[in-house]
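One letter stands for each residue in the lines below.
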Amino acid sequence: MSTPTLKAADGHELSAYVSAPTGKPRGALVVIQEIFGVNHHIRGVCDRFAAQGWQVISPALFDRVQRGVELGYAESDRTEGRALLGKMQWPLMQMDVQAAINAVADVGKVGVVGYCLGGSLAWMAATRLDGVSAAVAYYGAQIPNHAEEQPRCPVLMHFGAEDQGIPLTGVDKVREVQANPPGAPVEIHVYPGAGHGFSCDERASFHPASHELALERTLAFLREHV
């Protein structure tokens, strides 16, 4: 576990959390944060993926506006996280994700897994960035707004049926557009009873059954493609 410095294409330097497996990595994963920074939960996610055999890196996207952001999940934290996101630019966040992809490219195939904000960026990584072999997007609110984009690698998506921020009409739009895509395949799952953030065990919205099923599907997907 370490915190190296990455350099984006525009020269911006950002920190990252790295977690390494025991033995030779089966591939690499870029884990993309929620609006709460590379916090305790995201570091734990990285460590758990590393325990499954991947070299894992999580870039600190908020370093562009404030370094060392580690928020919790209270309402005040959500307010602060949204305020930080409001100062960010999507193209620059994509640039930082690309820097993380490049940093682990020598390991082998690279997958991207994102949650919340990171779920949207995982979709953008699949459609816009280089060097991605597979992408997993958890409850990315911006995905329906970019449903027409064509992925260049297989994509797995997870949504909660009770997510107030991502109406099922938006999920249905993605499903319809990507039903017979000219690009890579897109697999979409909706979890009954689950809301936004259902896979985070530090949130009140944590939904254990949905989390376990989504994780099982995610690991099988990543083992196939990364």
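Scroll up to find the structure.
Okay, so let's go over this structure.

Parameters and conventions
Residues numbered from 1 in each chain as written. Predicted model: local features only at pLDDT ≥ 70, side-chain atom pairs only at ≥ 80, totals over all residues. Heavy atoms only, no water. Pairing = 2+ DSSP bridges. Helix = DSSP H or I, 4+ residues; strand = E, 2+ residues; numbered from the N terminus. Axes fitted to C-alpha atoms, helices over the stretch in contact; angles between N-to-C directions. Contact = heavy atoms within 4.5 Å. Salt bridge = Lys/Arg side-chain N within 4 Å of Asp/Glu carboxyl O. Buried < 20%, exposed > 50% of the residue type's maximum accessible area, 1.4 Å probe, protein only. Phe/Tyr/Trp six-rings, centres within 6.5 Å; stacked < 30°, edge-to-face > 60°. Parallel < 35°, antiparallel > 145°, perpendicular 65-115°, else oblique. Nonpolar A, V, L, I, M, F, W, Y, C, P; charged D, E, K, R; others polar.

Spatial strand order, 1-2-4-3-5-6-7-8: 8 strands in an open sheet with mixed pairing. With one partner strand each, in any of the chains shown, strand 1 (5-7) and strand 8 (186-191) form the two edges of the open sheet. Between one strand axis and the next, the sheet turns through 25 degrees on average, direction left out of account. Relative to strand 7 (residues 155-160), strand 6 (residues 134-138) runs parallel, the two sharing 4 bridges. Paired with Tyr138 across the bridge in strand 7 is His158. Against the sheet, helix 1 (residues 40-51) contacts strand 2 (13-19), strand 3 (27-32), strand 4 (54-59) and strand 5 (110-115), and its axis sits at roughly 165 degrees relative to strand 4. Contacts from helix 6 (residues 208-225) reach strand 3, strand 4, strand 5, strand 6, strand 7 and strand 8 within the one sheet, and its direction differs from that of strand 6 by about 170 degrees.

Using the criterion set out here, one finds 11 salt bridges in the structure. Among the salt bridges present, the one from Glu75 reaches Arg78, with a minimum N-O distance of 2.9 Å. Residue Glu75 and its partner Arg78 are located together in helix 2 (residues 75-86), separated by 3 residues, close to a single helical turn. Its relative accessible area of 26% is what places Arg78 among the partly exposed residues. A salt bridge links Arg128 to Glu149; its shortest N-O distance comes to 2.6 Å. Placement of the pair is Arg128 in helix 4 (residues 117-128) and Glu149 in the loop between strand 6 and strand 7, with a sequence separation of 21 residues.

On to the packing of aromatic side chains. Centre-to-centre distance and the angle between the planes together describe a pair of aromatic rings. The final tally for this structure, using the stated rule, is 7 aromatic pairs. Summarising the aromatic geometry, the rings of Tyr115 and Tyr138 are spaced 4.5 Å apart at their centres and angled 25 degrees between planes, so their arrangement reads as stacked. With a gap of 23 residues between them, Tyr115 in strand 5 and Tyr138 in strand 6 connect regions that are remote in the sequence. Accessibility assignment for this pair places Tyr115 and Tyr138 in one class, buried. Aromatic side chains Tyr191 and Phe198 sit 5.2 Å apart centroid to centroid with 45 degrees between the ring planes, which places their arrangement in the tilted category. Accessibility classification places Tyr191 together with Phe198 in one group, the buried group. Three or more aromatic residues joined by ring pairs make a cluster, and in this case those are Tyr115, Tyr138, Tyr139, Tyr191 and Phe198.

Before going further, it helps to examine the packing of helix 3 (residues 90-103) against helix 4. Between helix 3 and helix 4, whose axes approach to 10 Å, the crossing angle comes to 75 degrees. With respect to each other, helix 3 and helix 4 are oriented roughly perpendicular. Taking contact as the criterion, the partners of Trp90, Met93 and Gln94 in helix 3 are, on helix 4, Leu117, Ser120, Leu121, Met124 and Arg128. A per-class count over the contact of helix 3 with helix 4 returns 5 nonpolar, 2 polar and 1 charged.

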